[in-house]
Amino acid sequence: MLRQVQLKPAWAEDYPALALGRWYTAAAVAGLVKGTRIVREGRDAQFTDRILQPTHFEFRGGSPRRGNWVGLRTRHLDRHAALSRSAEA
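Residues numbered from 1 in each chain as written. Predicted model: local features only at pLDDT ≥ 70, side-chain atom pairs only at ≥ 80, totals over all residues. Heavy atoms only, no water.

**Section: the pattern of salt bridges**
- Applying the stated criterion across every chain yields a total of two salt bridges.
- Across the pair Glu41 and Arg37 runs a salt bridge, and its minimum N-O distance is 3.3 Å. Of this pair, Glu41 and Arg37 both sit in helix H1 (residues 26–41), four residues apart, roughly one helical turn.
- Taking relative accessible area as the criterion, Glu41 reaches 42% and is therefore assigned partly exposed.
- For Arg37, a relative accessible area of 16% puts it in the buried group.
- Salt-bridge contacts for Glu41 lead to Arg40; the nearest nitrogen and oxygen are separated by 3.6 Å.
- The exposed category is assigned to Arg40, whose relative accessible area is 57%.
- When salt bridges that share partners are traced, they join Arg37, Arg40 and Glu41 into one network. (Salt bridge = Lys/Arg side-chain N within 4 Å of Asp/Glu carboxyl O. Helix = DSSP H or I, 4+ residues; strand = E, 2+ residues; numbered from the N terminus. Buried < 20%, exposed > 50% of the residue type's maximum accessible area, 1.4 Å probe, protein only.)

Laid out in structure tokens, this is it:
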């Protein structure tokens, strides 16, 4: 089962795009939250904490993440770096 999140009612005002009582995939909500922060804070937005705050969301399914993923490279970042290098050549 994929990791899922549900917004806690106390935080509904901070996440108007999310319906209360509905479970979403964690990856989709993380993308929404990250994109919103980038729009609000600009391209230099820093993500030094978890994108989905455990105080704001309930989680189910999947494996809980331990620690912090800040600074880890993803396949998406690897692809972006490769495209940047090929464009510079």
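**Some points on the packing of aromatic side chains**
- Under the criterion given, the structure shown has one aromatic pair.
- Note that Lys34 overlies the ring of Phe47, its terminal NZ or CZ placed 5.3 Å from the centroid. (Phe/Tyr/Trp six-rings, centres within 6.5 Å; stacked < 30°, edge-to-face > 60°. Lys NZ or Arg CZ within 6 Å of the ring centre and 35° of its normal.)

**Focus: H1**
- Between its first and last C-alpha, H1 extends 22 Å over 16 residues, near the 22 Å set by a 1.5 Å rise per residue.
- Turning to H1, its buried residues are Ala26, Val29, Ala30, Val33 and Arg37. Along the axis of H1, the buried positions cluster into a sector of 105 degrees, meaning they face one direction only. Looking at H1, the residues exposed on the side facing more than 90 degrees away from the buried face are Ala27 and Val39.
- If you follow the buried residues of H1, they end up packed against strand S1 (4–7), strand S2 (24–25) and strand S3 (57–60). (Expected span 1.5 Å × (residues − 1). Arc of directions from axis to C-beta. Contact = heavy atoms within 4.5 Å.)

**Some words on the side chain of Gln6**
- Along the chain, Gln6 turns up in strand S1.
- The buried category is assigned to Gln6, whose relative accessible area is 13%.
- Within the local environment of Gln6, its side chain forms a polar contact with the side chain of Trp23, the two groups lying 2.7 Å apart.
- Setting aside residues up to four positions removed in sequence, Gln6 forms contacts with Gly21, Arg22, Trp23, His56, Phe57 and Glu58. (Polar contact = N/O pair within 3.5 Å; in protein donor to acceptor, adjacent residues only side chain to side chain.)

**Notes on the environment of Gly61**
- Note that Gly61 resides in the loop between S3 and helix H2 (75–88).
- A C-alpha to C-alpha distance of 5.5 Å links Gly61 and Met1, two positions 60 residues apart in sequence.
- Not counting residues within four places of it along the chain, the set of residues in contact with Gly61 comprises Met1, Leu2 and Arg3.

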